[in-house]
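# Fold and geometry: a report
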Amino acid sequence: MKNILSFLFAFLILNLVVNCSAVKSNNQHYQRQWMLVSLDGFTKEELVKNKAEINLTEPAKDGKIRGTAMMGCNRMFFNLEFKSKNRVKISGLRSTLMACQEMNLETKFSKVFEKMSHYEINGHFLTLYDEKGSQMKFIASDWD
């Protein structure tokens, strides 16, 4: 009887550890492709025309997400980590260096994106906020 209880206890602990690590590295709630629908200075039509989006589907081994963004003709790369209490850390933003006719969106996105420090997911919307209350709003691309 003692061996059976020990086995069940070990099984439960192992199952808990495996499930917790899976949640940390693969959360389908935010690991999606997101289309930018709101950014100060740009209309929704401009954002849609430029196919402004971030892709958060590639997990890294350290629990972070390797993300990409398209904001016109250049592709951007970054690391993103969702933390507790609706905090987010964005780092390592870099970009391809193609000469584009219109660079306003890419320039604005580059200036504000890494400053975002909080997030909120409400339905199919992801909103990023900085410490001053500025925000960027995205909608999940797989939502009809």
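One can find the structure itself at the top, above this paragraph.
In what follows, the accompanying structure is described. (Residues numbered from 1 in each chain as written. Predicted model: local features only at pLDDT ≥ 70, side-chain atom pairs only at ≥ 80, totals over all residues. Heavy atoms only, no water.)

### Digging into the nonpolar core
I54, L56, M71, L126, L128 and M136 are the most contacted members of the largest nonpolar core, which totals 30 residues. Apart from residues no more than four positions distant in its own chain, L128 is found in contact with V88, I90, F113, M116, H118, Y119, S134, Q135, M136 and F138. (Core = buried A, V, L, I, M, F, W, Y, C linked by side-chain atoms within 4.5 Å. Buried < 20%, exposed > 50% of the residue type's maximum accessible area, 1.4 Å probe, protein only. Contact = heavy atoms within 4.5 Å.)

### Concerning the pairing of strand β5 (residues 88–95)
One face of the sheet, then the other: side chains in a regular strand alternate in exactly this way. Where strand β4 (residues 75–82) lies against β5, 6 bridges are found, and the strand directions are antiparallel. Looking at β5, one finds that F77 is bridged to R94. What sits between the antiparallel neighbours β4 and β5 is a turn of 5 residues, in which K85 has the positive phi angle 60 degrees. (Pairing = 2+ DSSP bridges. Helix = DSSP H or I, 4+ residues; strand = E, 2+ residues; numbered from the N terminus.)

### Brief notes about the packing of aromatic side chains
How two aromatic rings sit relative to each other is given by the distance of their centres and the angle of their planes. Applying the stated criterion across every chain, the model contains 4 aromatic pairs. Both rings, one in F82 and one in Y119, keep their centres 4.6 Å apart while their planes meet at 80 degrees; by these two values the pair is edge-to-face. Residue F82 is located in strand β4, and its partner Y119 is located in strand β6 (residues 118–122); the two are separated by 37 residues in the primary sequence. Exposure remark for F82: the relative accessible area of 15% places this residue in the buried category. Members of the aromatic cluster, connected to one another through ring pairs, are Y30, F82 and Y119. For R32, the ring lying beneath its charged end belongs to W34, and the centroid distance is 5.4 Å. Positioned above the aromatic ring of F125, the side-chain terminus of K137 is 4.7 Å from the ring centre. (Phe/Tyr/Trp six-rings, centres within 6.5 Å; stacked < 30°, edge-to-face > 60°. Lys NZ or Arg CZ within 6 Å of the ring centre and 35° of its normal.)

### A look at the sheet that holds β5
Pairing within the open sheet is antiparallel, and its 8 strands lie in the order β5-β4-β3-β2-β1-β8-β7-β6. Of all strands in the sheet, those with a lone pairing partner are β5 and β6, marking the two edges. Shown here is a sheet whose adjacent strand axes are inclined to one another by a mean of 25 degrees, direction ignored. Direction of pairing for strand β2 (residues 53–59) relative to strand β3 (residues 65–70): antiparallel, over a ladder of 5 bridges. Within β3, the residue paired with I54 across the bridge is A69. Packing against the sheet, helix α3 (residues 104–113) makes contact with β1 (33–39), β2, β3, β4, β5, β7 (125–129) and β8 (135–140), and its axis sits at approximately 25 degrees to β4. (Axes fitted to C-alpha atoms, helices over the stretch in contact; angles between N-to-C directions.)

### Considerations on the pattern of salt bridges
In this structure the tally under the stated criterion is 3 salt bridges. Residues E131 and R87 are paired through a salt bridge, measuring 3.6 Å at the closest nitrogen-oxygen approach. Taken together, the positions of E131 in the loop between β7 and β8 and R87 in the loop between β4 and β5 put the pair 44 residues apart, joining distant regions of the chain. With a relative accessible area of 57%, E131 lands in the exposed category. (Salt bridge = Lys/Arg side-chain N within 4 Å of Asp/Glu carboxyl O.)

### A closer look at the side chain of R32
Summarising the element assignment, R32 is placed in the loop between α1 (2–25) and β1. Under the relative-accessibility criterion, R32 is labelled buried at 14%. What R32 contacts, discounting residues up to four positions off in sequence, is I54, N55, L56, T57, H124, A140 and D142.

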